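The residues making up each chain are set out below.
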Amino acid sequence: MIDKILDSAAQAVADIADGSCILVSGFGLAGQPNALLDALYEQGASELTVVCNNSGSRDVGFARLIRAGRVRKLLASYPRGAQSDAFESAYAQGRIEYECVPQGTLAERLRAAGAGLGGFLTPTGYGTELAAGKETRVIDGVGYVFEQPLHGDYALVQAFVADRWGNLLYRKAARNFGPIMCMAAKVTIVQVAEVATLGELNPESIVTPGIFVQRVVVNAASAQERCA
């Protein structure tokens, strides 16, 4: 019997090793899997490379990992957001590397990884510092930058509802990067507010099929984020 529901977030992140590349869902705080990130903090993994749209807020979740010096490199579009002083301080002190990736490029690099593509050409960043060291081409008079797919060892994602097979529904803006990160990672770990009975979810409404999900954790606090 397939049942991907685990007993705890600690169990779900127990095998994440030092130096892993972690894909973290979220746009601002909408859809950021803080229960999993807190479990990862307690687990102790370090030297992490993290791909996320932002750098977290205050001293919870992702920001807490940065503050503790556990993130070696961040790939993000908007690292400086509301109360992002954990990242700002770490970057100013040279304790974290940062790669700026335009938001659309970030999404497409993740999608390319999940779709098994070798990369893509985009005009975004052409002629700027973001294109330094990358292959460029001019096609029909338009300049393009070649961007490579962005794979992760693990994806930590917040969804709204899952069944025991790992089929997922999301809540409004909390959907953001979750679906493509699930596809781009070797192991996808998801925190949800609710678990549906198998067969209860309308197949036409499922956003992420369970084939892309390996572990699910129920986190009651996620239910408080329904306003996202």
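Provided above is the structure to which this section pertains.
Residues numbered from 1 in each chain as written. Predicted model: local features only at pLDDT ≥ 70, side-chain atom pairs only at ≥ 80, totals over all residues. Heavy atoms only, no water.

**Regarding the side chain of S77**
Link 1 in the chain: One can find S77 in the loop between β4 (71-76) and α4 (85-92).
Link 2 in the chain: For S77, a relative accessible area of 11% gives the class buried.
Link 3 in the chain: A distance of 3.1 Å separates a polar side-chain atom of S77 from the backbone nitrogen of Q103.
Link 4 in the chain: For S77, the contacting residues outside a window of four places in its chain are C52, N53, Y98, V101, P102, Q103 and L106. (Helix = DSSP H or I, 4+ residues; strand = E, 2+ residues; numbered from the N terminus. Buried < 20%, exposed > 50% of the residue type's maximum accessible area, 1.4 Å probe, protein only. Polar contact = N/O pair within 3.5 Å; in protein donor to acceptor, adjacent residues only side chain to side chain. Contact = heavy atoms within 4.5 Å.)

**Considerations on the sheet that holds strand β6 (residues 120-122)**
Within a beta sheet, neighbouring strands are joined by backbone hydrogen bonds and run either parallel or antiparallel to one another.
Link 1 in the chain: Ordered by their spatial adjacency, three strands build an open sheet running β6-β8-β7, and the pairing between neighbours is antiparallel. Strands at the two margins of the open sheet, each flanked by one partner only, are β6 and β7 (136-139). Between one strand axis and the next, the sheet turns by 40° as a mean value, whatever way the strands run.
Link 2 in the chain: Where β6 lies against strand β8 (residues 142-147), three bridges are found, and the strand directions are antiparallel. Residue pairing across strands places L121 opposite F146, the latter belonging to β8.
Link 3 in the chain: Relative to β6, helix α5 (residues 103-115) is tilted by about 170°, and along the sheet it contacts β6 and β8. (Pairing = 2+ DSSP bridges. Axes fitted to C-alpha atoms, helices over the stretch in contact; angles between N-to-C directions.)

**Overview of the pattern of salt bridges**
Once the charged atoms of two side chains with opposite charge are near each other, the side chains can pair.
Link 1 in the chain: Scanning the entire structure with this criterion turns up eleven salt bridges.
Link 2 in the chain: Across the pair R64 and D38 runs a salt bridge whose closest N-O atoms are separated by 3.6 Å. Separated by 26 residues along the polypeptide, R64 in helix α3 (residues 61-67) and D38 in helix α2 (residues 34-43) bring together distant segments of the chain.
Link 3 in the chain: Residue E42 is joined to R64 by a salt bridge in which the shortest nitrogen-to-oxygen separation is 3.3 Å. Of the two residues, E42 sits in helix α2 while R64 sits in helix α3, which places them 22 residues apart along the sequence.
Link 4 in the chain: What makes E42 exposed here is its relative accessible area of 59%.
Link 5 in the chain: Each of the salt bridges in this network shares a partner with another, and the network as a whole consists of D38, E42 and R64. (Salt bridge = Lys/Arg side-chain N within 4 Å of Asp/Glu carboxyl O.)

**As for the packing of aromatic side chains**
Link 1 in the chain: One pass over the full model with this rule turns up three aromatic pairs.
Link 2 in the chain: Between F87 and Y91 the ring centres are 5.6 Å apart and the planes differ by 20°, which places this aromatic pair in the stacked class. Here the residue F87 and the residue Y91 both occupy positions in helix α4, the gap between them amounting to four residues, near one helical turn.
Link 3 in the chain: A residue is classified by how much of its surface remains accessible, and F87, at 4% relative accessible area, is buried.
Link 4 in the chain: Ring centres 5.6 Å apart and planes at 70° place the aromatic pair F87 and Y98 in the edge-to-face group. (Phe/Tyr/Trp six-rings, centres within 6.5 Å; stacked < 30°, edge-to-face > 60°.)

**Brief notes about the sheet that holds β4**
Link 1 in the chain: Sheet architecture is open: eight strands sit in the order β1-β14-β12-β9-β2-β3-β4-β5, paired in parallel fashion. Since the sheet does not close on itself, it has two edges, and those belong to β1 (5-6) and β5 (97-100), each with one partner.
Link 2 in the chain: Bridge count between strand β9 (residues 152-158) and strand β12 (residues 185-192): six bridges; the pairing is parallel. If you follow G152 over to β12, its bridge partner there is A185.
Link 3 in the chain: Contacts from α2 reach β2 (21-24), β3 (48-51), β9, β12 and β14 (215-218) within the one sheet, and its direction differs from that of β12 by about 115°.

From the geometry alone we can't say anything about function, so treat these as descriptive.
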